[in-house]
Structures are given as C-alpha cells and as structure tokens.
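Observations on the three-dimensional arrangement
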Amino acid sequence: MARVVPLADAVAELVRDGDSVALEGFTHLIPFAAGHEIIRQGRRDLTLIRMTPDLVYDQLIGMGCARKLVFSWGGNPGVGSLHRFRDAVQNSWPRPLEIEEHSHAGMVNRYVAGASGLPFAVLRGYAGTGLAEHTETVKPITCPFTGEELTAVPALNPDVSIVHAQRADRRGNVQLWGITGVQKEAVLAARRSLVTVEEVVDELDDRRGAIVLPSWAISLVSHAPRGSHPSYSLGYTVRDNDFYVAWDAISRDRDAFTAWMREHVL
Amino acid sequence: MSAENPLTPGGPVTPDEMMTVTAARRLRDGRSCFVGIGLPSTAANLARRTHAPELVLIYESGTIGAKPDRLPLSIGDGNLAETADTVVGVAEIFNYWLQPGRIEVGFLGAAQIDRYGRVNTTVIGDYADPEVRLPGAGGAPEIASACREVIVIVRQTPRSFVERVDFVTSVIRGPLTVITDLGVLEPDPETRELRLTALHPGATLEEAREKTGWDLSAVPGLAVTEPPTEAELTALRNLE
C-alpha cells in the first residue's frame, strides 16, 4: 500500500544520486513540484527519462542534475526549443549531457514493455531514419511468423517514476483524467514510484475517462496542490501560457536562468 | 506578394496566411488527420471551420475527434480532451490507431526538407556535435510512414529547403504534398524528386528557385493557387 507522505520526504526517500528517473506527463499533469524538489535536494548524475522533456527538464538539466537524457521530443510545447537542453548538448553547460533519442512510438512501447515485464517491445517504426542509425537501443528484428522486418526497442524500467494526478484517497489510490498520456505505463514500469496529487479526498468518485492506479501499485503519494503549474491539471488548474512564453527569454541566458532558479525554486 | 486585396478587411493576405489556407484546403471533409503542433494544427482547425466540419482531428496526446473551440495552445490543451470523441493513452494512439494505417492524412511541420522529401526536426549540423539542437522526432517518423498520405507545411527558405537534410528524422514513401509560403511541391512519380506544382498569387518561379537549395524544377503548366476567399481569411484571422 502506498503511504501518503510530505513531498520533501518522498523525494528524499525515493530519488538517489545516479538513479534513472522518469517524471512523466504528456503536456498535461506535469510533475513540476516534484522536479523542483529534486533540484532543491541537489540530486546528481540522474538519467532523466521522458517522452516530452519540457520546462521542468530544462530546469533539471540547467541545474546540473542530469548525466543523461532518454527522450523523444525535447521542446517548449507550443513555443519552441529548450535553451538549457540545447546549451547542454551543444556546449556541455553546466555539464555534458549524454542523449539517447527515440521516436514517441518507440519510447511509449519501451514503457509498455517495462510495465509488461518483457525485455523488449516490437513496433513498425524508425524505417529509414537517422535514429535507427544513431541510437543503440533501436534494432531490427524479424517476425518469426511472417518474416516481416520490424523494429525492437528495449524495455524501460526506471528506478523511479514520478507522475502528477488530480486526486488520491486517504489509502493512496490515485485517480487521473483528461489526457492520461503514458503515466500508467511509467508507474507500472518503475521499481519505485511517487504520485503527487492536487487533492486528497475521502472517496474517489466516477469521472468520465478516468483511470485509477491502485494504492498497492504505487510506493508513495504526496499532496502537492498546484503541483503541475505552469502546466495544468484538468479540473483544477489551467496552463500558464504566459510563463511558457516567458521561459523562452529566461532560459536563453545562463545568468538569467540561474537567477530565476535561485529566486523561484531553490 | 501581390495577393493583397485592398478591400480585404484586416489588411492584405500574408504569405503565411496563403500557406495555411492552401494547406487547409487539402484536408477533405470527413477524413481523419493526425495533426502535428504549430502550423499543421492551425490549418486543420481552419479546415474544420470552413469546408470540412466533419474532419476528424487526432492529436498525439491521445485526443481522437477533437473539436477545439479555439486554437489549442499545445497538443496537450485541455480543450482538446474536453471536446474529443474519446481520449486514449499515448500507447494506444500510436499502437492501435496510427501503426495499422487507420489514419488517412499525416500533417507535419519541418525544420528542413530535402530534394527527396526527407524531413529533419532533429539537428542542424552534425548529430554528435550539432550547430543547433532541435526538439527531435516526437511522433513524426511513424506519422510519416503509417498515414496513407502526408502533408508537410513549411516556410520555403534556402536554410529549410536543402539538397540533403542534416539528419533524416522522417521518411515519406507514399503520397506527399509540401505546402510553403510560395507554392506547392509534389514528388515526381518516377524519381521522387520534389517539383513545384503550383505557385501562390504573386510568387514567382525565380523566387521559389532562389529559396530552394537544389536545382528546383517545375511541372509543365504550373498552377496558380486561388487566393483566400473572404470566408477563409475571416475564419483564419478569428482563429488567431
């Protein structure tokens, strides 16, 4: 059964230097509060995993928490590029960042394999692309039944997966709805998991399209209201689009970035 | 460009507007369309508000049949989820819906596109030591290969229209239409080389060649795009 604990305690207990960590959220329910707590606790040498690394990964990378990034699309959604990610790849600032790059279809199937307890996943993808050439974790495989040439990608089993959800009950059962992304797969694929929630309630009720992660499938739950800001939690908070636009300017400059992080996160 | 109509409310037609309207027209009513962020989303939403109210918009965030009442801020906009016929997880959207070829039109943007219609959204320069690191592939490689036809919308510049892309993010083997701020390009049926098939009003072949990094050829009887109607332009300007 998941225990409900304060966020700082949850991150201290679950996230260790050198871990592979997936903070998932497909442009909705992005666990910003948990990412900021990782930065405050000064975790280092993390392998960060995410389909769509965005602002919170830009912040983790710019603060030197990451050694490696496993991803499929790294940008500021609806705005443009990530300048701290770009600076790390192009100029090794503040430290070199190794990258392992996939397509969305490949990444999501890696989580599916991880959640399924399988060593790899099969898909029809990457054909003729530079990713098949440059990424070690993309390999051809022949279907034993039809002889069709397909692509294999290895399972992702993060040491820790962290997601944000709308609600949990007091026993730690978690409910999320709207764009549910890859959160379920990320949690089930992980060795340890943390779910931050907008609200802790006595009883979960029915919601159209909601999924439930049972308490016994999660390590820890933390109450983190507005924990996905500046992204959004459907039914609770809205996307702060002005901040996404403002981040483009803040993150272009190393000093402006560092000053912003000192003032708002540390 | 000289497509301006002094009577057009809100000012003359810009090249970007001409491009978006041309792209929107390619989306026939009732078809299913996998929509990328940025210009594709604008064009697809314009199509829904003009000639194609039954166009099925599918975003990689898992929203199938989204009917946004304003232009979404990103593929994860809550308005997409709230107006969709159904919302599915990301595993399902790629595995059940895209991969088997269920979706008719794939609609993508590009940082670079080359003579043979290969698309780059990964890096400018060398992969190991890039001049400019771009966001990367996202859903594009499988959208490009699994949809029955692909539309790419991209501004035509010598930087974006190159002889050979720096990195092959996506390969399009089926029917392809490339829509730019100057005109329309389609692959030669034999060689797959992109050739100009239409120019927008006011754009010239000379200009299109200047803004293309290979020796661009045009099909005989090059068409001229119809300028935006007042209804198209009003709908587009109300979107943004």
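Residues numbered from 1 in each chain as written. Chains lettered and ligands numbered in written order. Predicted model: local features only at pLDDT ≥ 70, side-chain atom pairs only at ≥ 80, totals over all residues. Heavy atoms only, no water.

Condition: UniProt positions are given in the numbering used here, feature names are shortened, and annotations may be inferred rather than shown by experiment.
As recorded in an unreviewed UniProt entry, chain A goes by the name CoA transferase subunit A, listed as coming from Bailinhaonella thermotolerans. According to the UniProt record, the Sequence similarities (unreviewed entry) comment for chain A is "Belongs to the 3-oxoacid CoA-transferase subunit B family."

1. Digging into the interface of chain A and chain B
Short version of the rule: Throughout, a residue-residue contact means that at least one pair of heavy atoms, one from each residue, lies within 4.5 Å. Defined in terms of a 1.4 Å probe, buried area is the accessible area two parts forfeit on being brought together, summed over both. Every case where a carboxyl oxygen of Asp or Glu lies within 4 Å of a side-chain nitrogen of Lys or Arg is listed as a salt bridge. For this analysis, a polar contact is any N or O atom pair within 3.5 Å, provided that within protein one partner can donate a hydrogen and the other can accept it, and provided that sequence-adjacent residues contribute only side-chain to side-chain pairs. Runs of E in the DSSP output that reach at least two residues are strands. Runs of H or I that reach at least four are helices, and both are numbered from the N terminus. Classes in brief: Ala, Val, Leu, Ile, Met, Phe, Trp, Tyr, Cys and Pro nonpolar; Asp, Glu, Lys and Arg charged; the others, Gly included, polar.
Tallying the contact residues gives 47 residues for chain A and 42 residues for chain B. With both chains or domains summed, chain A and chain B bury close to 3,300 Å², and 59% of this area falls on carbon and sulfur atoms. When residues of chain A are sorted by the area they lose upon contact with chain B, W73, Q90 and I179 of chain A head the list and together hold 14% of the total. Applying the counting rule to chain A against chain B returns one salt bridge. Here R133 of chain B makes a salt bridge to E101 of chain A, at a shortest N to O gap of 2.6 Å. At the surface where chain A touches chain B, the tally comes to 19 residue pairs in polar contact (both at pLDDT 80 or more). Every element with two or more residues in the side of chain A that touches chain B is listed here: β6 (80-81), α4 (83-91), β7 (98-101), α5 (104-116) and α6 (130-134) of chain A. Counting residues per element, the side of chain A that touches chain B draws most heavily on α5 of chain A, at five residues. Taken together, the residues of the side of chain A that touches chain B break down into 19 nonpolar, 22 polar and six charged.

2. Some points on the environment of G117 of chain A
Residue and element names in this part refer to chain A. Counted only if it meets this: Relative accessible area decides the class of each residue, using a 1.4 Å probe on protein chains only: under 20% of the type maximum gives buried, over 50% gives exposed, and in between gives partly exposed.
Looking at the secondary structure, you find G117 in the loop between α5 and β8 (120-123). On the basis of relative accessibility, which here comes to 65%, the residue G117 falls in the exposed class. Taking the C-alpha atoms as reference points, G117 and R226, separated by 109 residues in sequence, lie 33 Å from one another.

3. Describing the environment of V105 of chain B
Residues and elements named next belong to chain B. Along the chain, the position of V105 falls in strand β5 (residues 105-108). The class of V105 is buried, set by a relative accessible area of 2%. Considering only alpha carbons, one finds V105 and E207, 102 residues apart in sequence, at a separation of 29 Å. Residues in contact with V105, not counting those within four places in the same chain, are L27, R31, S32, C33, F34, C147, E149 and I151.

4. A word on the sheet that holds strand β7 (residues 119-120) of chain B
All names here are of chain B. The criterion, for reference: Should DSSP find at least two bridges between two strands, the strands are regarded as paired.
With mixed pairing, the three strands of this open sheet are ordered in space as β7-β6-β11. Where the open sheet ends on each side, the last strands, each with one partner, are β7 and β11 (161-162). As judged from the two bridges shared by strand β6 (residues 112-114) and β7, these two strands associate in the antiparallel manner. Across the sheet, I113 pairs through a bridge with V119, a residue of β7.

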